[in-house]
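Examination of the molecular architecture
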Amino acid sequence: MSRFSTFVNFFVTVFKIEMTYILGIETSCDETAAAVMYNGHLLSNVIATQKVHEQYGGVVPELASRAHQQNIVPVVAQALSIANISKYQVNAVAFTQGPGLLGSLLVGSSFAKAFALAYNIPLIAVNHMEAHVHAHFIEEPKPEFPFICLTVSGGHTEILLMKDYFDKELLGTTLDDAVGEAFDKAAKILGLPYPGGPMIDKLSKTGNPLKYKFPVSQVDGLNFSFSGIKTSILYFVRDNLKTYANFIQDNIADLCASIQHTLVKMLTDKLLVAVNKTGVNRVAIAGGVSANTYLRDTLQQMSKIHGWEIFIPKFEYCTDNAAMIAMSGYLKYRTGQFSSQEVVAQPSI
Ligand SMILES: Nc1ncnc2c1ncn2[C@@H]1O[C@H](COP(=O)(O)OP(=O)(O)OP(=O)(O)O)[C@@H](O)[C@H]1O
Ligand SMILES: [Mg+2]
C-alpha cells in the first residue's frame, strides 16, 4: 500500500468518512466487463464484447471462457485507469456469481477472489438478475419502492414486485423460452446474424408492425410462454418460401416489425395486468431486451394512457455490463453482505 493510501485510510477510519471504491466484475456470458464506483457514483464502465461468437450464430461457452481469460486483466486495468485510482484504493470487489455460463463465471469469480485475497478487501457475490434491476440506481431518476420491474433478457423474462433493494416478489415468469431467446431465434429463422434482437429492432423501423399476425400461446396469470410463437414463425416463413423464394428478402422489414410487435405486446399486456393487480403504478424495465426501442416507446405510450411513472435504463445499462454489478455490490457493501473465500460460481441461482 502506498504512503498516500495509508494516510487517506487513516483519515477515513478516524473521521468515519465514507470513501468507498467498489470494483465490479461481470463475466456471466460473452461480455468481459469491469467498472469502478465511488460512493455509489459510477467512475468507469468498460466492456470487451467477444466478437468470436458471431461466426457461430450464438455464444460458444468454451470460447467465451477462453476470451474472458484473455480480457479480464486488461479490462480491469482500463476500468481502474479511467477511474483514476490504483488497485490499492479499491475497498471491495463485487463479481457476478450467477446465473450464467459456468466456464465464464469461473473466470470472473476466480479473479475477484484472488483480488480480494491479495489486497485484503471484502468480496461481494452479486446475482446477475438482481443487478439488472439495480442498474436503475446508477443514475437519476431512481425508482422509489415499491415498483414493478419487467426483467427481460437472453435467459429470463420476469415480472417482479420490488419491495426493497433485496426484497422482491416474483409475480410471473416464462414457462419455457425467454423473450430475448425468442428474438434471437426469430432472427435466425430470417437468416439474420447473431445477436438477432438488435437486428430485428433496427430492421423494424421501416416495417409495418400489423402486416403479419402470429398466433401466441395464452398463459393464465402473469406467466409467459414464447416457444409457440417461435414455431409459428418457423412454419409461416417455411410455407411462404415454398411459393415465393424471395419472401424473406422482399418483406424483411414487415416481418421484423410484426414479430417485434407480437413479442412486445405479449410483454406489455401482462405488465398491465400486473399493475392492475398490485395497484403499483411505478413501472421499470431491465435486462438486454429493455434496449428494444419499440418496447421503450410502447412503455412511454402506456405511461401516458394509464398515468404510470416509468423508469427506462440508459442503453449501456440494459445489456450485460459491470456498472450494474458494482451498483449491486455497493448496495450489499452498505449492508455488510460479504462473501467468504469459499463462495462458488452458480450457473443457475
Ligand atoms: N434492441 C434490442 N431488441 C431486442 N432484443 C435485444 C435488443 N438488444 C439486446 N437484445 C437481446 O437481449 C439479450 C441479451 O441480453 P442480456 O445481455 O441481458 O442477456 P443475457 O445476459 O445473455 O441473459 P441473462 O441476463 O438472462 O443471464 C439477447 O437475447 C439480445 O438479442
Ligand atoms: Mg444479462
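Cut-off values and rules
Residues numbered from 1 in each chain as written. Chains lettered and ligands numbered in written order. Predicted model: local features only at pLDDT ≥ 70, side-chain atom pairs only at ≥ 80, totals over all residues. Heavy atoms only, no water. Domains from an automatic or database assignment. Contact = heavy atoms within 4.5 Å. Buried area = accessible area lost by both parts, 1.4 Å probe. Salt bridge = Lys/Arg side-chain N within 4 Å of Asp/Glu carboxyl O. Helix = DSSP H or I, 4+ residues; strand = E, 2+ residues; numbered from the N terminus. Nonpolar A, V, L, I, M, F, W, Y, C, P; charged D, E, K, R; others polar. Donors = N, O, S within 2.8 Å, 3.2 Å for Na, K, Ca; no water. Tetrahedral: all angles 85-135°; square planar, octahedral: opposite > 155°, others 65-115°. Pairing = 2+ DSSP bridges. Axes fitted to C-alpha atoms, helices over the stretch in contact; angles between N-to-C directions. Parallel < 35°, antiparallel > 145°, perpendicular 65-115°, else oblique. Left-handed = near helix turned anticlockwise from the far one by under 90°. Buried < 20%, exposed > 50% of the residue type's maximum accessible area, 1.4 Å probe, protein only. Near = heavy atom within 4 Å. Polar contact = N/O pair within 3.5 Å; in protein donor to acceptor, adjacent residues only side chain to side chain. Areas by Shrake-Rupley, 256 points an atom, 1.4 Å probe, with all protein chains shown as cover. Phe/Tyr/Trp six-rings, centres within 6.5 Å; stacked < 30°, edge-to-face > 60°. Lys NZ or Arg CZ within 6 Å of the ring centre and 35° of its normal.

Domain boundaries in the protein define domain 1 (3-134 + 320-334) and domain 2 (141-313). A separation of 29 Å is found between the C-alpha centroids of domain 1 and domain 2. Counting from both sides, the interface comprises 15 residues of domain 1 and, opposite them, 15 residues of domain 2. Between domain 1 and domain 2, a total of about 1200 Å² is buried, with carbon and sulfur atoms accounting for 69% of that surface. Put simply, domain 1 and domain 2 have one salt bridge between them. Those elements giving two or more residues to the side of domain 1 that touches domain 2 turn out to be α4 (128-134) and α10 (323-334). The leading source of residues in the side of domain 1 that touches domain 2 is α4, at five residues. Partitioning the side of domain 1 that touches domain 2 into residue classes produces five nonpolar, five polar and five charged.

Before going further, it helps to spend a moment on the coordination of the magnesium ion (ligand 2). Around a metal, the ideal angle is 109.5 degrees if four donors adopt a tetrahedral arrangement and 90 or 180 degrees if six donors adopt an octahedral arrangement. Only His128 (NE2), His132 (NE2) and Asp320 (OD) from the protein coordinate the magnesium ion (ligand 2), and they sit 2.1 to 2.3 Å from it. If you look at the magnesium ion (ligand 2), its six donor atoms make angles of 82 to 172° with each other, and the shape they trace is octahedral. Read from N- to C-terminus, the donor residues coordinating the magnesium ion (ligand 2) fall into the pattern H-x3-H-x187-D. Residue His128 is found in helix α4, and its partner Asp320 is found in the loop between β10 (309-311) and α10; the two are separated by 192 residues along the sequence.

Let us now look at the sheet that holds strand β6 (residues 147-152). With mixed pairing, five strands are arranged side by side in an open sheet as β8-β7-β6-β9-β10. Both edges of this open sheet fall to β8 (167-173) and β10, since each of them pairs with a single strand only. Here the average twist between neighbouring strands, direction ignored, is 25°. With six bridges joining them, strand β7 (residues 157-164) and β8 adopt antiparallel strand pairing. Bridge pairing in β8 places Leu161 opposite Glu169. With respect to the sheet, helix α9 (residues 293-306) is in contact with β6, β9 (282-286) and β10, its orientation differing from that of β9 by roughly 180°.

Here we take up the packing of helix α2 (residues 61-83) against helix α3 (residues 102-119). Closest axis-to-axis distance for the α2/α3 pair is 8 Å, and the angle between their directions is 30°. On the basis of their axis angle, the class for α2 and α3 is roughly parallel. Handedness of the crossing formed by α2 with α3: right-handed. Contacts from Ala64, Ser65, His68, Gln69, Ile72, Val73 and Val76 of α2 reach α3 at Gly103, Ser104, Val107 and Phe111. Residues that form the contact of α2 with α3 fall into these classes: six nonpolar, five polar and no charged.

With respect to the helices and strands, the residue Val280 is situated in the loop between α8 (247-278) and β9. A residue is classified by how much of its surface remains accessible, and Val280, at 12% relative accessible area, is buried. It is 8.6 Å that separates the C-alpha atoms of Val280 and Leu161, two residues lying 119 residues apart in sequence. Among all residues touching Val280, those that are not within four sequence positions of it are Pro146, Phe147, Ile148, Leu161 and Val275.

In the vicinity of ligand 1 lie 19 residues, with Ser153, His156, Asp184, Asp201 and Asp320 positioned nearest. Take His132: an N or O atom from its side chain is 3.2 Å from an oxygen atom of ligand 1. Note that an oxygen atom of ligand 1 is positioned 2.6 Å from one of the side-chain N or O atoms of Asp320. In the complex, 89% of the free accessible area of ligand 1, which totals 640 Å², lies under the protein chains. Secondary-structure elements contributing two or more residues to the shell around ligand 1 are α4, α5 (179-189) and α6 (196-204). The residue makeup of the shell around ligand 1, split by class, is five nonpolar, 11 polar and three charged. Residue contributions to the shell around ligand 1 reach at least three from each of two domains, namely domain 1 (3-134 + 320-334) and domain 2 (141-313).

Once that is clear, we can look at the packing of aromatic side chains. Inspection of the entire model under this criterion finds 16 aromatic pairs. Here the aromatic rings of Phe115 and Tyr119 are separated by 4.8 Å at their centres, their planes lie at 55°, and the arrangement is tilted. Residue Phe115 and its partner Tyr119 are located together in helix α3, separated by four residues, close to a single helical turn. On the basis of relative accessible area, Tyr119 is assigned to the partly exposed category, the value being 25%. Here the basic side chain of Arg296 rests over the ring of Phe315, its NZ or CZ set 4.0 Å away from the ring centre.

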